[in-house]
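# Per-entry structural report
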Amino acid sequence: MVESYLGLFAVAFLAATLLPAYSEVLFAGLLAAGHAPLWLWAWATAGNTLGAAVNWMLGRYLLHFQHRRWFPFKPGTLGPAQRWFQRYGVWSLLLAWAPVVGDALTFIAGFMRVRFAVFLILTAAGKGIRYAMVLALVQGVGITL
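Quick caveat: nothing in here was measured; it's all calculated off a predicted structure. (Residues numbered from 1 in each chain as written. Predicted model: local features only at pLDDT ≥ 70, side-chain atom pairs only at ≥ 80, totals over all residues. Heavy atoms only, no water.)

So, about the nonpolar core. For soluble globular proteins, the rule of thumb is that nonpolar side chains tend to be buried together. Leu 78, Phe 85, Leu 93, Ala 109, Val 114 and Phe 119 are the most contacted members of the largest nonpolar core, which totals 18 residues. Going through the elements one at a time, helix 3 (37-62), helix 4 (75-88), helix 5 (101-111) and helix 6 (116-141) are the ones with two or more residues in this core. A per-element tally of this core places helix 5 first, with 5 residues. Leu 8, Ala 12, Ala 28 and Leu 31 belong to the second largest nonpolar core, which has 13 residues in total. (Core = buried A, V, L, I, M, F, W, Y, C linked by side-chain atoms within 4.5 Å. Buried < 20%, exposed > 50% of the residue type's maximum accessible area, 1.4 Å probe, protein only. Helix = DSSP H or I, 4+ residues; strand = E, 2+ residues; numbered from the N terminus.)

Here the focus is the packing of helix 4 against helix 5. Contact pair helix 4 / helix 5: the axes reach a minimum separation of 9 Å and the direction vectors enclose 65°. Classified by the angle between their axes, helix 4 and helix 5 sit roughly perpendicular to one another. For the pair helix 4 and helix 5, the crossing hand works out as right-handed. From helix 4, Thr 77, Leu 78, Ala 81, Gln 82, Trp 84 and Phe 85 reach across to helix 5, where they touch Val 101, Ala 104, Leu 105, Phe 107, Ile 108, Ala 109 and Phe 111. The class makeup of the residues in the contact of helix 4 with helix 5 is 11 nonpolar, 2 polar and no charged. (Axes fitted to C-alpha atoms, helices over the stretch in contact; angles between N-to-C directions. Parallel < 35°, antiparallel > 145°, perpendicular 65-115°, else oblique. Left-handed = near helix turned anticlockwise from the far one by under 90°. Contact = heavy atoms within 4.5 Å. Nonpolar A, V, L, I, M, F, W, Y, C, P; charged D, E, K, R; others polar.)

Following the sequence through the fold, Arg 115 ends up in the loop between helix 5 and helix 6. The exposure class of Arg 115 is exposed, given its relative accessible area of 61%. The spatial distance from the C-alpha of Arg 115 to the C-alpha of Val 90 is 9.6 Å, given a sequence separation of 25 residues.

In this model, the chain carries an average pLDDT of 88, and 96% of its residues clear a pLDDT of 70 or more. The least confident element of the chain, judged by mean pLDDT, is helix 4 at 78; the most confident is helix 1 (residues 2-16) at 95. (pLDDT = per-residue confidence, 0-100.)

Glancing now at the layout of surface pockets. For the largest pocket, the calculated volume is near 430 Å³. Lining of the largest pocket is provided by 21 residues; of these, Ala 15, Ala 21, Pro 99, Val 100 and Asp 103 occupy positions nearest its centre. Residue composition of the lining of the largest pocket, grouped by class: 13 nonpolar, 4 polar and 4 charged. (1 Å grid on protein atoms, 1.4 Å probe; cavity = no way out; pocket = protein on both sides within 12 Å on 5 of 7 lines; lining within 4 Å. Points joined across faces, edges and corners; volume = space filled by probe spheres on them.)

What follows is the structure, given as structure tokens:
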């Protein structure tokens, strides 16, 4: 049972970093299999938030490598996210869960030196809301295995 929650944490963590992973699918599957909804929500939110914190650290310390071939973000991804961040400020971190631009937002937050506590609170709130919506959707549709 604990392995399921740890697995969800790991997949949610990876999904928030630069690696392709889809934690919502595992979240929905575990929910449909009868795992405790609150525990699933907590583990997924924690993993996804900590994965975003890795992006914050990368932005804080590695942006001067942006012209290297191995650098994870391309200018086409960073540009729109940076404009979004400049327009809406730290509140844009509530959208850190969004595909493609969300990872870039968390990276840019590190680059823009957003205080880590503020980053963590806003990012966790946004990611928690996303998993709550997945939870409501799966329970509302009544998916069962």
